[in-house]
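Here are the chains, one letter per residue:
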Amino acid sequence: MNNMLHPTCRHLVRTLALAAILSSLAPLSFADDAVDLGKLSPDVLSKEQRGDAAGMIERDIGKRFKEANVRNREDWLKITTREQWEKFRDERIAKLRTSLGDFPAPPEKLNVRVTGTVMGDGFNIENVVYESRPGQWVTGNLYVPAKPGKSMPGILIAHSHHRDKFEGELQDMGMTWARAGCLVLVIDQVGYGERRSHPFNKAEDYAKPYRTSRQDYMFRYDTGVQLQLLGDSLMGWFAWDQSRGVDLLLARPGIDPKRIIILGAVAGGGDPAGVTAALDSRIACSVPFNFGGPQPESKYPLPDDAETSFNYLGGSYWDSTRGLRLGGRDGFFHWVITASTAPRALIHAHEFALDKERDPVWKRYQKIWGDFYGAGDKVGIATGKGTLKGRPPEASHCNNIGSFHRKMIHPLFDRWFGIKVAEADEYSARRQSSELVCMTEKARQELNPKSLNEVLSGLANERIEKARKKLETKSPVERHQMLREDWTMLLGPIAPAKPVVKSATADDKLVAGAKVERILLEVEPGIVVPIVVLSPAKLNGHAPVVVAVAQAGKEAFLKDRTAEIQKLIEGGMIVVLPDVRGTGETRAGNSHSQDSNGYSTNMQLFGETMLGQRLRDLRSVLTYTRERKDVAADRISLWGDSFTPPNGTDTDFKIPRGVDNRPREAEPLGGLLALLGTLFEDNISAVYIAGGLASYHSILTHFAVLIPHDAAVPGALTAGDLCDLAGSLAPRPLRLEAMVDQQNRTLSATELKKAYEPAVKSYSSKPEALSFGDERTSAAKWFMEQGR
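Residues numbered from 1 in each chain as written. Predicted model: local features only at pLDDT ≥ 70, side-chain atom pairs only at ≥ 80, totals over all residues. Heavy atoms only, no water.

### Notes on helix H8 (residues 270-279)
(1) Moving on: Most of H8 is tucked away: 10 of the 10 residues are buried.
(2) Moving on: All buried positions along H8 are accounted for by Gly-270, Asp-271, Pro-272, Ala-273, Gly-274, Val-275, Thr-276, Ala-277, Ala-278 and Leu-279.
(3) Moving on: Each element contacted by the buried residues of H8 is listed here: helix H4 (82-99), strand E4 (152-158), helix H7 (234-250), strand E6 (255-264), strand E7 (285-288) and helix H11 (334-339). (Buried < 20%, exposed > 50% of the residue type's maximum accessible area, 1.4 Å probe, protein only. Helix = DSSP H or I, 4+ residues; strand = E, 2+ residues; numbered from the N terminus. Contact = heavy atoms within 4.5 Å.)

### Points about the sheet that holds strand E12 (residues 527-536)
(1) Moving on: A sheet is described by the order of its strands in space; here 9 strands give the open sequence E10-E11-E12-E14-E13-E15-E16-E17-E18, paired in mixed fashion. The open sheet has two edge strands, strand E10 (500-506) and strand E18 (770-773), and neither has a second partner. Strand after strand, the sheet turns through a mean of 20° between neighbouring axes, direction not considered.
(2) Moving on: Taken together, the 4 bridges between strand E17 (residues 734-737) and E18 define a ladder with parallel strand orientation. Each bridged residue has a counterpart across the sheet, and for Arg-735 the counterpart in E18 is Ser-771. (Pairing = 2+ DSSP bridges. Axes fitted to C-alpha atoms, helices over the stretch in contact; angles between N-to-C directions.)

### Re unusual backbone geometry
Comment: phi is negative for the bulk of residues other than glycine, and the bulk of peptide bonds are trans.
(1) Moving on: Residue Tyr-300 is joined to Pro-301 through a cis peptide bond whose omega torsion reads -5°.
(2) Moving on: Inspection of the secondary structure puts Pro-301 in the loop between E7 and helix H9 (306-309).
(3) Moving on: A cis amide bond links Ala-342 with the next residue in sequence, Pro-343, at an omega value of 10°.
(4) Moving on: By the secondary structure assignment, Pro-343 is in the loop between H11 and strand E8 (345-350).
(5) Moving on: Unusually for a residue other than glycine, Leu-326 sits at a positive phi of about 75°.
(6) Moving on: Tracing the sequence through the fold places Leu-326 in the loop between H9 and helix H10 (327-330).
(7) Moving on: For Leu-326, a relative accessible area of 11% corresponds to the buried category.
(8) Moving on: Here the phi dihedral of Ala-512 falls at roughly 55°; this positive angle occurs in a residue that is not glycine.
(9) Moving on: Here Ala-512 lies in the loop between E10 and strand E11 (514-524).

Below you can see the structure in the form of structure tokens.
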């Protein structure tokens, strides 16, 4: 019946009832020799069960990969005509485009500047900059024939994740093809070279030894997380910049628009090259190394059953360009992206030896180009030798595209585009990087380029404001519903299944006057949540409940919040401590930084998020809790906490990646689950959050990201920010204490209140229900006060 009332009325009813319940409970006395709750074992699982639970997320991912690959093979077998292929292709490429983020309108005329010229033997190098987005300038070296022709091919080269545009093999290719009459553009991709957002370029940029040459590569993790929060992607920005490079080439006098080629280097360059070619039909040929077919890590030779056993979907790790979000769910596998360019020319390119006879992707390409389009002569192969584990000269390792690989590319370019380069024509006269700098001091003063973080923060402001304008025209009930719908889209499936109690035991003895139960819930097939329930030994009627969640799990609550839990039990409240998947007893691996990205990125392939799955777990726990006979089902509160100490005011945040003394990362999971749990569950009575993340927007303002990947929800900032989420909980009591900023530094209550002005406005009808604290006080005292 309460659910038929307006939320404000329901809250008043709950508050009055809670006060009645608490007043009827006599204070419990604890014996002097009572066992300390802090010494209570948090274990629900046996050692064997813990090992099994630690692998449950990985098994779930493996199952999803297997099912996706089976679907893909079955779909492919149904395609027998060109029309069927094009329908299959178009549906998936449209979904790929959507998944990559919000693309701006292409500029009517690209803003390009030449900032310097380097003269060479048979070629020149123009150091150029072009504005791909407002304030975001792309730096690139344009290799030009010394005597430009009247009809020149244009070539773009996407560099590997190893180094920026200055790398030697990139120079060799630029010079060689320019001497053969081509325009060759090599840009710094987002976060690389002159476009890096971090300050670590030389050994002297940090006091201790560090991996100088790997910082661009490692910090692309941070940029990927920031773009993810915007609803964009690193891959989307890579592809956009390459397409603007096509604009640059097509604007040059003498360019042949029918001979635009893109090459993507080994080690991550093939990925954006393949995607760019799929999205930009102006590109006549693509050469994406290690993208679409077998990977350098693939077994060589392939097994005889490769057609059915091959992993067509590929895989993902912290480098976010390899795992394309939604690719597993929506079917835009790497081979589909590459094959979508047919009948345009393609070179199926591999860094090491290719098992051509067993390669199932090569067989698909032959069918598409040959059978569907009659263009079998427009697909070729460039392959290396040896394997990833081998060493030169037996294995053809390279930084971008080596001379060994180019020997196979040249004949194909000659046949298709009339680009004549023999092995003897290969040219190398590598220049110092200082000669190839594009954003000169003069250009910087004239153009006033924005830093990447300035651009990202500006986009975040635009998207947050757009979301708030939609919300401000709605009533409180409509805003609440709209945010539910928005966050359901962002998080993926969050509706809980009916939990199954797999085991339930009670300790033989009371602990500090509390009854201890150990519950194991199966929240969905193969996924378990261990729970410790602490309840007063003597209860009169149904008791109110506090459900406490954190990244560190129930063990940390028992160890570090002992006094608060004991006070809650003394006050007649039940405390429920769950370990949602991947935390506490079910934890597998490191939950911080790049190490948190593996499971998170893989789940995003299938349209899910780790935060959404953990929210599902919490909601299953709440379902179980409400059904207990000793619980006041509509008197449940949430406590979200963090057990990572904040960084001090003297913390040095100018720290490279790959060193040991990096600043501590925040652990926002508990606070996020408390907010989201209350958004989606009507009968949550009150919410207390300590040490939580104050704002997603703030993550975009600094070059280093100090939250786990699995806490960054793709597109979160398109629904507003965390303060808007908090405001939607009004008028339910909400307490925020010791909240942290993007650098895991504690915000003062004054700073927090200012940042949460949208929430303060939403609570204007009952301002006392929203409160802020500089420091942690007493969670138990605050929860008890809500019943008065």
